[in-house]
Amino acid sequence: MTEVGQTTRYQRYVEEISEDITETVQAMGCQPILFIGSGLPRRYMGAPSWDELLNYLADQCPAVEKGLGFYKQLLKTPLKIGEEFARLYQEWAWGGGRNEFPENMFGEDVNAQAYLKYKVATYLDSITPADISKLGNDSFRDELDALRGIKPHAIITTNYDRMIEMIFPDHEPIVGQHILRGQQLSVGEVYKIHGSIEEPDSIVFTQTDYDEFAKKKKFLSAKLLTFFNEHPLLFVGYSASDPNIRSILSDIDEALPEKGGVIPNVYILEWNGELTDDSSPARDKLIATEEDRSIRVKLIEASDFGWVFNAFAANPVLNDVNPKVLRALIARSYNLVRHDIPTMTIKADFKMLHQAVEDSSSFAKLFGVANISDYSAASAIHCLSATEMTKQLGGKGSYLAVSLIRKIKEETGIDIKESDNRYHRTEKVNNTTFHKYSSDMLSILKKIQAGEVYELDMS
């Protein structure tokens, strides 16, 4: 039984995972990439699972004469079931169901699978809230605010609905095959790789759709590898067994210079409703990818996602930057370099540009960005995390340093983390609190580890 005021095992887990996330985000110096699966709209707007959606489609179409169980026995996979449902929907649409569809869908140039996709789109549109204020119930309000606070560099989703656009209105949706065309700026964009309800024909729902998608995903794979090399990645709303996540992680696995070990910047957030104060979940997970390979990534288990989102939002340098503004800056810079300067349609002060690009702060001012320096001078003194101290003590993770700090409290009655002092400083960014330590703290821990006498100076 946990005593009053004592940190529980799960609280320690939250603290240590939060610290690991914030360290990763700050070390990489850029905003995270979010991979959002169907679990998130299911959580916030009651969207159906794949089976529930297939059940709905079966109920809507008289030509689907047998229950979903029959088609599962016969066809095995959801994509093959979708293929059969598409055939039955076309048959129904050209017969007794004609009034269920717009008249312009009965031309000879309309795709045969369009009728099924139209029903998918209209159903998901009908259950989508009118605006962000109606998304989720009151218990999710803080969680949604924390999610918005991440200000992700970009978002990739296999979802069809419009929920992400509601949460991130400043991000530009890029749908389906449009990803393969045009100038992609990579920042402030939502890549809806399996289509959108606003373009029903773009929806990837059948085996034919998925086979076509697989043929054309080389560009997407290249973009994913760029994201992987440069950004923290968070998968949320997917289960580890989801074929979509296995496919994406397989692309990442191809780019790894060395196999084995946990990938330091890839996290999977999974919901666990059975967590208690005594829970101490696993910190990583081995996921099978394609062709009998596997990849190990960082695992986060939570019933409340708010603390996880807050940790990913803990990059104060970019908290107030509007993705729409960044996208406009990059687009203008792209056109300047690719078109305007080579064709001399503008007068360029090359001396000024050369001087600006040599210095990061002056380059930022060129774009009207006032300050991109570190947000706290105190971080120069308290620059170590528990994880970094553990590494210097010869361990892995953060447990060794945390346990030695706990030993100080047991032996002296002094809680180093209770205040800001020469050994420790608390940082709070958004709603996330994490702890940083000085080289003096590391020296004390080395003495404790070696069994030597130590003395604290709390003056």
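Heads up: the structure comes first, above all this text.
Below is a summary of the structure that appears in this document.

**Structural notes on the overall build of the protein chain**
Stage number 1. A tally of regular secondary structure across the protein chain gives 18 helices and 10 strands.
Stage number 2. The buried share of the protein chain, reckoned over its 459 residues, is 47%.

**Digging into the packing of aromatic side chains**
Stage number 1. In this structure the tally under the stated criterion is 19 aromatic pairs.
Stage number 2. With 5.6 Å between their ring centres and 85 degrees between their planes, Tyr89 and Trp92 make a pair best called edge-to-face. Here Tyr89 pairs with Trp92, and both are found in helix α5 (residues 78–93), just 3 residues apart, close to one helical turn. Both residues of the pair, Tyr89 and Trp92, count as buried.
Stage number 3. On the numbers, 5.2 Å between centres and 80 degrees between planes, the contact of Trp94 with Phe106 is edge-to-face. Taken together, the residues span a long stretch of sequence, with Trp94 in the loop between α5 and α6 (114–126) and Phe106 in the loop between α5 and α6 at a distance of 12 residues.
Stage number 4. On the basis of relative accessibility, which here comes to 44%, the residue Trp94 falls in the partly exposed class.
Stage number 5. Aromatic ring contacts, followed pair by pair, group Tyr89, Trp92, Trp94, Phe101, Phe106, Tyr115 and Tyr118 into a single cluster.

**Regarding α5**
Stage number 1. Here α5 spans 22 Å end to end across 16 residues, near enough to the 22 Å set by a 1.5 Å rise per residue.
Stage number 2. The complete set of buried residues in α5 reads Leu79, Ile81, Gly82, Phe85, Ala86, Leu88, Tyr89, Trp92 and Ala93.
Stage number 3. Structurally, α5 contributes buried residues whose contacts are with α3 (50–60), α4 (68–75), α6 and α9 (207–215).

**Topic: the packing of α4 against α5**
Stage number 1. Orientation of α4 relative to α5, taken along the N-to-C sense of each, is 120 degrees, at an axis distance of 9 Å. Looking at the two axes, α4 sits oblique to α5. Taken as a pair, α4 and α5 cross one another with a handedness that is right-handed. Each of Leu68, Tyr71, Lys72 and Leu75 in α4 lies in contact with α5, whose residues at this interface are Lys80, Ile81, Glu84, Phe85 and Leu88.
Stage number 2. Of the residues belonging to the contact of α4 with α5, the class tally is 6 nonpolar, no polar and 3 charged.

**Regarding unusual backbone geometry**
Stage number 1. Positive phi is not limited to glycine here, since Lys76 has a value of about 75 degrees.
Stage number 2. Here Lys76 falls in the exposed class, since its relative accessible area comes to 63%.
Stage number 3. Although it is not a glycine, Lys151 adopts a positive phi angle of roughly 50 degrees.
Stage number 4. In this fold, Lys151 is placed in the loop between α7 (141–148) and β2 (154–157).
Stage number 5. Overall, Lys151 belongs to the partly exposed group, its relative accessible area being 26%.

**Re the sheet that holds strand β8 (residues 294–302)**
Strands pair in a sheet through their backbones, by hydrogen bonds, and they do so in one of two ways: parallel or antiparallel.
Stage number 1. Reading across from one edge, β3-β4-β2-β1-β5-β6-β8-β7 is the order of the 8 strands in this open sheet, with mixed pairing throughout. Each having just a single partner strand, β3 (172–175) and β7 (284–288) make up the two edges of the open sheet. If you compare each strand with its neighbour and ignore which way they point, the axes differ by 25 degrees on average.
Stage number 2. In this structure, strand β5 (residues 233–236) lies alongside strand β6 (residues 262–271), joined through 4 bridges in parallel fashion. Paired with Leu234 across the two strands is Tyr267, which belongs to β6.
Stage number 3. Against the sheet, helix α1 (residues 9–28) engages β6 and β8, with an angle of about 125 degrees to β8.

**Quick look at the pairing of strand β1 (residues 33–36)**
Remark: a regular strand shows side chains that alternate across the two faces of the sheet.
Stage number 1. Side chains Ile33 and Phe35 project from β1 onto one buried face, and the interleaved Leu34 and Ile36 project onto a second face that is buried too.
Stage number 2. Sheet topology places β1 next to β2; 4 bridges connect them, and they run parallel. Residue pairing for β2: Phe35 is matched across the bridge by Ile156.
Stage number 3. In terms of strand pairing, β1 meets β5 through 4 bridges, oriented parallel. Each bridged residue has a counterpart across the sheet, and for Ile36 the counterpart in β5 is Val236.

Each value, and the rule that gives it
Each chain has its residues counted from 1, following the order in which its sequence is written. For this predicted model, a pLDDT threshold of at least 70 governs which residues receive local features, and a threshold of 80 or more governs which side-chain atom pairs are given and counted, while totals over whole chains, interfaces and linings are taken from all residues. Side-chain metrics in this entry use all non-hydrogen atoms of the structure; hydrogen atoms and water are not considered. Helix and strand definitions here come from DSSP, where helices need a minimum of 4 consecutive H or I residues and strands a minimum of 2 consecutive E residues; each element is numbered from the N-terminal end. Remark: exposure states derive from per-residue accessible area (1.4 Å probe, protein chains only) relative to the maximum for the residue type, with buried under 20%, exposed over 50%, and partly exposed in between. Note on aromatic pairs: the rings of Phe, Tyr and Trp (six-membered ring only in Trp) are paired at centre separations within 6.5 Å, and the planes decide the class, stacked below 30 degrees, edge-to-face beyond 60, tilted for the rest. Take the residue count of a helix, subtract one, and multiply by 1.5 Å to get its expected span. Contacts were defined at the residue level, with two residues in contact if any of their heavy atoms lie within 4.5 Å. Think of each axis as a best-fit line through the C-alpha atoms, taken over the contacting stretch in the case of a helix, with angles from 0 to 180 degrees between the N-to-C directions. The cut-offs work like this: below 35 degrees is roughly parallel, past 145 is roughly antiparallel, 65 to 115 is roughly perpendicular, and the gaps in between are oblique. What makes a crossing left-handed is the near helix being turned counterclockwise from the far one by less than a right angle; a clockwise turn instead makes it right-handed. Each residue gets one of three labels, nonpolar for Ala, Val, Leu, Ile, Met, Phe, Trp, Tyr, Cys and Pro, charged for Asp, Glu, Lys and Arg, and polar for the others, Gly among them. One requirement defines pairing of two strands: DSSP has to find at least two bridges between them.

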